[in-house]
Amino acid sequence: MLLQRLVEYADTSADVVPAFFARKPVRWSLDIDANGVPRGDLVSMADKDDPQRRFGTVRLVPAVTRTVGISPVLAVDNGEYVFGWTSEGGAKPDRVAKQHDAFRALIGEWAAAEPDGAGPAIAAFYRNGHAGRLTPPDDWSRGDLIGFSVDGVYAADTGAARRFWAGVAGDRKGSGRSGLCLVCGQVQPLLKTVPQQIPRRWVPGATQSASLVSMNEAVHGYELQKFLTNTPICTDCGLKFMTALTGLLSDPLHSTALSGQNARLAWWVLGGSTFDPWATVEQLDPTVIRNLIAGPVSGEEAAVDDLSRYCSVTVGGNVARVVVRDWVEQPIRQVKDNIRAWFADHEIVDAWTGEVVQVKISQLARAAGRFETGRNGGPGTWTKFGASGEHRPPDLFHRLLGAALLNRLLPPKLLNHVINRIRIDGRLDPARAALIRLALRRHPNLQHERERLTPTLNVENKQPAYVSGRIFAVMDDLQRTVFRVANQRLNTTFAERYFGRAIDNPQVVIVSGRRNVQAWLKRLRGPLRRPNWSEAYERRLDDLFVQLDAIPRGAVLTDKAEFILGYHQQRAEMRTERLAAAANKKKTDLPPEPDDAAPSTDDEGDDA
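Residues numbered from 1 in each chain as written. Predicted model: local features only at pLDDT ≥ 70, side-chain atom pairs only at ≥ 80, totals over all residues. Heavy atoms only, no water.

Caption draft 1: Quick look at the overall build of the protein. Along the backbone of the protein there are 18 helices and 17 strands. Taking 608 residues into account, the globule formula puts the C-alpha radius of gyration at 25 Å, and the protein, at 32 Å, lies well above it. Along the three orthogonal principal directions, the C-alpha set of the protein runs to about 105 × 55 × 50 Å. When burial is assessed residue by residue, the protein has 51% of its 608 residues classed as buried. For the protein, the accessible area works out to roughly 28,200 Å², and carbon and sulfur atoms hold 48% of it. (Helix = DSSP H or I, 4+ residues; strand = E, 2+ residues; numbered from the N terminus. Rg over C-alpha atoms; globule rule 2.2 N^0.38 Å. Buried < 20%, exposed > 50% of the residue type's maximum accessible area, 1.4 Å probe, protein only. Areas by Shrake-Rupley, 256 points an atom, 1.4 Å probe, with all protein chains shown as cover.)

Caption draft 2: Molecular detail of the packing of aromatic side chains. Inspection of every chain in the model, using the stated rule, returns 20 aromatic pairs. Plain terms: the ring middles of Trp267 and Trp278 are 5.9 Å apart, the flat faces sit at 50° to each other, and that makes the pair tilted. Placement of the pair is Trp267 in strand 12 (residues 264-270) and Trp278 in helix 7 (residues 277-282), with a sequence separation of eleven residues. On the accessibility criterion, Trp278 (13% relative accessible area) is buried. One cation-aromatic arrangement involves Arg27 over Trp28; the distance from NZ or CZ to the ring centre is 4.2 Å. (Phe/Tyr/Trp six-rings, centres within 6.5 Å; stacked < 30°, edge-to-face > 60°. Lys NZ or Arg CZ within 6 Å of the ring centre and 35° of its normal.)

Caption draft 3: Seen up close, the side chain of Gln330. Among the structural elements, Gln330 can be located in strand 13 (residues 309-331). Reaching out from Gln330, the side chain makes a polar contact with the side chain of Asn338 at a distance of 3.1 Å. When residues no more than four places from it in sequence are discounted, the contact partners of Gln330 are Arg309, Tyr310, Val335, Asn338, Leu405 and Leu406. (Polar contact = N/O pair within 3.5 Å; in protein donor to acceptor, adjacent residues only side chain to side chain. Contact = heavy atoms within 4.5 Å.)

Caption draft 4: Up close: the packing of helix 16 (residues 506-525) against helix 17 (residues 531-545). Where helix 16 meets helix 17, the closest approach of the two axes is 8 Å, and the angle between their N-to-C directions is 155°. Of the possible angle classes, the one that applies to helix 16 and helix 17 is roughly antiparallel. By crossing handedness, the relation of helix 16 to helix 17 is classed as left-handed. Where helix 16 approaches helix 17, its residues Ile510, Arg514, Val517, Leu521, Leu524 and Arg525 are matched on the opposing element by Pro531, Trp533, Ser534, Tyr537, Glu538, Leu541 and Phe545. Its residues assigned to classes, the contact of helix 16 with helix 17 comprises nine nonpolar, one polar and three charged. (Axes fitted to C-alpha atoms, helices over the stretch in contact; angles between N-to-C directions. Parallel < 35°, antiparallel > 145°, perpendicular 65-115°, else oblique. Left-handed = near helix turned anticlockwise from the far one by under 90°. Nonpolar A, V, L, I, M, F, W, Y, C, P; charged D, E, K, R; others polar.)

Caption draft 5: Quick look at the pattern of salt bridges. One pass over the structure, following the stated rule, counts 35 salt bridges. Where Asp305 meets Lys336, a salt bridge forms, and the shortest distance between an N and an O atom there is 2.6 Å. In this pair, Asp305 sits in the loop between helix 8 (286-298) and strand 13 while Lys336 sits in helix 9 (residues 332-346), placing the two residues 31 residues apart along the sequence. You can call Lys336 buried: its relative accessible area is 10%. Note that Glu460 is salt-bridged to Lys462, the shortest N-O span being 4.0 Å. (Salt bridge = Lys/Arg side-chain N within 4 Å of Asp/Glu carboxyl O.)

What follows is the structure, given as structure tokens:
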């Protein structure tokens, strides 16, 4: 099914690279006229100041898998093939001569087969001895591609070149036999090997250009048969699915990966729908999200969605092999439902703004890594993807994508990982809180309790660990108020000192913390002359403590997560109350925050 859907995409998309072609940087260009006479010297197509042209201008280049044999491509190749140039550390001179002869012979065959194309001009260039008059530029290197242009037209990407090259490359990769193709179901000429490989930069984990299907040793194949003997694929289908997959993996609008993660996701839509699942969950356009959520209610979803399918493949690499980690095909309407569920399951209140926010998938993956505190009180940052000590699960990114696009559950080990990072870093921001809520709502043992796990504070949630987290947040807020009113510097807050211990054992921290609470309340009533504030905090704590039959101790994994969620949402609720009171929209018995209050770190969130 995967190969069939790739072939369908190749047949319907205008973005697919032509068969046996690839996009590569061409470093040098030589323009000749129709008689083969050079119109100047070799021209460099590179621009070191332009990241897109650092190694040359990216063009469509004829391409097949080239191993140890001599195998020229058409009208564009390296200096050994095009001019017979040798370089220090390169191939031996006798081999270079054979490579150059093979390239010229291929040009001659092209000129004979397509007399109206660019082939005759390039053949005349060689026949009249112009090639021998050109010398390598000073900055030429062995791997540089050199392309011909005829009267300013790039020769390798003309119609004549495409027709001729498709036949040549197909003959090289064909098996010489016909049979029933397992992809299209037609009797066609069959391939000996898959005609192209995927560049390793598009396949995380691969150390070489990788093959999707490969049996180049007898031990790899069924009945010890090499090549595609027992995997019949016709030439046409082989060309289409490889060019389609390579094009998708290299297209930032159809694929994504993060450094250090072991997979890359490519997706495409068949059937005419213009819905972009990845942009919806990553760009977080408020209008797109609002229309998506309102779609079923308003009845405005396009009928074309009913006939369209979302396809995605997640790949990794092992040396020179493509590892297919996941393959999915779903109706677009189902994918939209899944994304609606994704937003409902992970959206969370921001403890600083009081607003409910959605979080990009890349930010969720980033926040699951190690947080590095800033120097001298400066803002901190997340350890970069792929860096040493990032401490992110290698499969995290495609696990989150599966949860977003396919409505999959998340493994409990992810919840454990995020909790450990919060404990170790002492940092809880909206992205980490969203991960906690998402992991709880997608936890296999909590499916019947999902509705109490709301994005904002749920006063009806009487789960002991959740209430304990709320109590801990009020205690911390009380301490901050006391020291602010007393105009005393607070080096370490209650949360900064005890948050990690409280996650593991709320009872020990809360019981011992009540002694501090009494002292803080006494200071507010007495020396600080704020009896109303003291009564407000005491009333809030009493209301919470009465909801507990016993303070939990030795919390299990989900209890730890609920404690964190309760703490985060209670903190956000108090902030929201203060913001509303400052705007004269609501009364509150909480003391106001100072006018210059600001987040303690960067705009990604604040410390626990």
